[in-house]
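Examination of the molecular architecture
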Amino acid sequence: MTLSPLAGKPAPASVLVDIPRLLTAYYTGRPDAAVAAQRVAFGTSGHRGSSFDLSFNEHHVLAITQAICLYRQEKAIDGPLFIGADTHALSAPAAASALEVLAANGVQVMLSKDDEYTPTPAVSHAILCYNRGRSQGLADGIVITPSHNPPQSGGFKYNPPNGGPADSDVTKWVEAKANELLAAGLVGVKRMAHAQALQAVTTQRHDYVTHYVADLENVIDFDVIRGANLRLGVDPLGGAGVRYWSAIAERYQLNLEVVNTEVDPTFRFMCVDWDGQIRMDPSSPYAMQGLIGLRERFDVAFACDPDHDRHGIVTADGLLQPNNYLAVAIDYLYRHRPQWRSDAAVGKTVVSSGLIDRVTERLGRELYEVPVGFKFFAQGLFDGTLGFGGEESAGASFLRKDGTVWATDKDGLIPALLAAEMTARTGRNPSQAYNDLTEALGKPFATRVEAKADARQKAALSKLAPEQVKSTELAGEPIVQILSHAPGNGQAIGGLKVMTANGWFAARPSGTEDIYKIYAESFVDEAHLKRLVEEAQVLVDAAIA
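Below or above, wherever it landed, is the structure these notes cover. Keep in mind that what you see is a predicted model, and the values were worked out from it rather than measured.

Brief notes about the state of the cysteines
By the definition in use, this model includes zero disulfides. Free cysteine: Cys-271, not disulfide-bonded; nearest cysteine sulfur from Cys-304 at 17 Å. Under the relative-accessibility criterion, Cys-271 is labelled buried at 10%.

Here it is in structure tokens:
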């Protein structure tokens, strides 16, 4: 990747989004359902786009919301719908548009008290708490967020009654119905005026902050954190958790400083990411320069993205790579949660670190390896057969201390708070704990690279079968396994993963660009990693030629 000269520096005025223009485009744009880029398209995290390019505006939101209402009718989901929105500029108008449709369809909607911004995990938590012990009248939810994506982005996610991201059979149904409505010029969409929707008897208020924060003591050991009097820092990155952090500090009497309480839809307080864009990514060392620069003030510090479903951990050594912290968190949790089921497995995606495999084996636990997408962990977290689910992009969730479900969607707050708990209990911060792990189990060297691929080549890559790989060696070692389907659930990974005793690579086509991505990891050294990548590119290019 080519680094922008702005990478890691405070955002200049020249890169800030024109918010009035963005909002005007939300209301005035007319997407053409015949143009693929302007249709509703659910990826691994809902529908995303921007009003600037007609990929996310009022028409999309009205159509998707009506489709969700129809899906609820079909599946007899008739409990309340919990709805939350983050701090992106397009989230508030999208929430208003969604309410107009939900109210007109007679759906009981749980809006946040005082119109507070709402993190993704607070919505998942609310759904699960409401549904506990119920077999009918179940709740579901909507989260309006494009996650860590740039300020001009909008996003819309549906969470069914299990509280997690909707599975592909659900999203395909909603997507198809929404595109029908889009193509019909929204004929069939029920809608009422926003003022009327706010006053509807079905529109109610829910105190997400209080309910979520009060229940955290059942997931995190605040007594041990408070007893150690750690100096903690958090940067909400202008996201939906701004008030949550101050509420957590107050309720649990933590020495926790919120270093930035500003909410600004331009996100002008951010440092620019690697490509010159503002991106609120807590796993990016460029976007995280602000908090990294304050690291000497704290024993441990952390950040979350705008909807607070991703985490970033900072110690005196800097920002931990997401994979490294996942391995540390897993090792700590399974040693310090005695009430968890003895057969609770460890969930990871196929492109997460092999160090997790080694940690899991040492713990004597089963590894549950799935394709990219947190939805694959939802059922296991729901029923307790998974103690932890994590993906390489800094998304994770885990069980309550008693081994029951907390959230079935990604939760950025609890991994952050866990970093404080482990530091307090063990006297070793996450960076030191990672060094201990690598001394015992080997140090990984990892990278991700991109290569050009046209639509035909991307399609070929997504359908590759192991027998199409003719080589028996990779970077000087025998190939021990080739995967086109994840061993945990048998689902296609949309590419290929090739493994040796001391390294692996995985290749997947991009869903949005004419490229494919190669993830690679070596437990030997940087030279071996470089060789893995070079041979992976040759092997993949030959296979898709």
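Description of empty space enclosed by the protein
Under the counting rule described, the total for this entry stands at two cavities of 30 Å³ or more. Residue lining of the largest cavity: 13 residues in total, with Thr-44, Gly-46, Pro-165, Ala-166 and Thr-171 positioned closest to the centre. Listing elements by their share of the lining of the largest cavity, those giving two or more residues are β1 (42-43), β6 (154-159) and α5 (168-183). Per-element accounting of the lining of the largest cavity gives the leading share, three residues, to β6. Considered class by class, the residues forming the lining of the largest cavity number four nonpolar, seven polar and two charged. Its boundaries defined by the atoms lining it, the second largest cavity holds a volume of some 40 Å³. Lining the second largest cavity are Pro-282, Ser-283, His-311, Gly-312, Ile-313, Leu-319, Leu-320, Gln-321, Pro-322, Tyr-325 and Ala-394. Breaking the lining of the second largest cavity down by element, the ones donating at least two residues are β11 (311-315) and α11 (322-336). Broken down by element, the residue count for the lining of the second largest cavity peaks at three residues, all from β11.

Comments concerning the environment of Thr-472
Here Thr-472 lies in the loop between α16 (455-462) and β18 (473-474). We classify Thr-472 as exposed; its relative accessible area is 61%. Taking C-alpha positions, Thr-472 is 42 Å from Pro-150, a pair spaced 322 residues apart along the chain.

Looking at the pattern of salt bridges
As enumerated under the stated definition, the model contains 30 salt bridges in all. Taking the shortest distance from any N to any O, the salt bridge between Lys-348 and Asp-357 comes out at 2.7 Å. Judged by relative accessible area, which is 26%, Asp-357 ranks as partly exposed. Salt bridges sharing common partners tie together Lys-157, Asp-307, Asp-309, Glu-391, Asp-409 and Lys-410.

Looking at the pairing of strand β10 (residues 300-304)
Extensive coverage of β10 is indicated by the burial of five of its five residues. Where burial is concerned, the two faces of β10 agree: the one with Val-300, Phe-302 and Cys-304 and the one with Ala-301 and Ala-303 are both buried. Where β10 and β11 come together, four bridges link them in antiparallel fashion. Residue Ala-303 lies in a different strand from β11, and its bridge partner there is Gly-312. Hairpin connection of β10 to β11: six residues between the antiparallel strands, including His-308 at a positive phi of 60°.

Some words on the sheet that holds strand β14 (residues 367-370)
An order of β14-β13-β15-β16 is seen for the four strands of this open sheet, with the pairing classed as mixed. Strand pairing shows two members of the sheet lacking a second neighbour, β14 and β16 (395-398), which therefore form its edges. Averaged over all pairs of adjacent strands, the angle between strand axes in this sheet comes to 15°, irrespective of strand direction. The sheet contact formed by strand β15 (residues 386-391) and β16 spans four bridges and is antiparallel. Looking at the pairing, Phe-388 lines up with Phe-398 of β16. Sitting on the sheet, helix α12 (residues 354-363) is in contact with β13 (345-349) and β14, with an inclination near 175° to β13.

Things to note about the packing of helix α2 (residues 58-74) against α5
Contact pair α2 / α5: the axes reach a minimum separation of 8 Å and the direction vectors enclose 125°. Between α2 and α5, the angle falls in the class oblique. Judged by the twist between their axes, the crossing of α2 over α5 is right-handed. Residue-level contacts link His-59, His-60, Ala-63, Ile-64, Gln-66, Ala-67, Ile-68, Leu-70, Tyr-71 and Glu-74 of α2 to Val-170, Trp-173, Val-174, Lys-177, Ala-178, Leu-181 and Leu-182 of α5. In terms of residue class, the contact of α2 with α5 is built from 12 nonpolar, three polar and two charged.

A closer look at the packing of aromatic side chains
Under the counting rule described, the total for this entry stands at 13 aromatic pairs. Measuring from ring centre to ring centre gives 5.2 Å for Phe-374 and Phe-377, while their planes differ by 75°; the resulting arrangement is edge-to-face. The burial state of Phe-374 is the same as that of Phe-377; both residues are buried. Taking NZ or CZ as reference, Arg-21 lies 4.4 Å from the ring centre of Phe-52, over its face. For Arg-134, the ring lying beneath its charged end belongs to Tyr-130, and the centroid distance is 3.9 Å.

Thresholds, definitions, all that
Residues numbered from 1 in each chain as written. Predicted model: local features only at pLDDT ≥ 70, side-chain atom pairs only at ≥ 80, totals over all residues. Heavy atoms only, no water. Disulfide = S-S within 2.5 Å. Buried < 20%, exposed > 50% of the residue type's maximum accessible area, 1.4 Å probe, protein only. 1 Å grid on protein atoms, 1.4 Å probe; cavity = no way out; pocket = protein on both sides within 12 Å on 5 of 7 lines; lining within 4 Å. Points joined across faces, edges and corners; volume = space filled by probe spheres on them. Helix = DSSP H or I, 4+ residues; strand = E, 2+ residues; numbered from the N terminus. Nonpolar A, V, L, I, M, F, W, Y, C, P; charged D, E, K, R; others polar. Salt bridge = Lys/Arg side-chain N within 4 Å of Asp/Glu carboxyl O. Pairing = 2+ DSSP bridges. Axes fitted to C-alpha atoms, helices over the stretch in contact; angles between N-to-C directions. Contact = heavy atoms within 4.5 Å. Parallel < 35°, antiparallel > 145°, perpendicular 65-115°, else oblique. Left-handed = near helix turned anticlockwise from the far one by under 90°. Phe/Tyr/Trp six-rings, centres within 6.5 Å; stacked < 30°, edge-to-face > 60°. Lys NZ or Arg CZ within 6 Å of the ring centre and 35° of its normal.

Everything listed is a geometric property; what it means functionally is a separate question.
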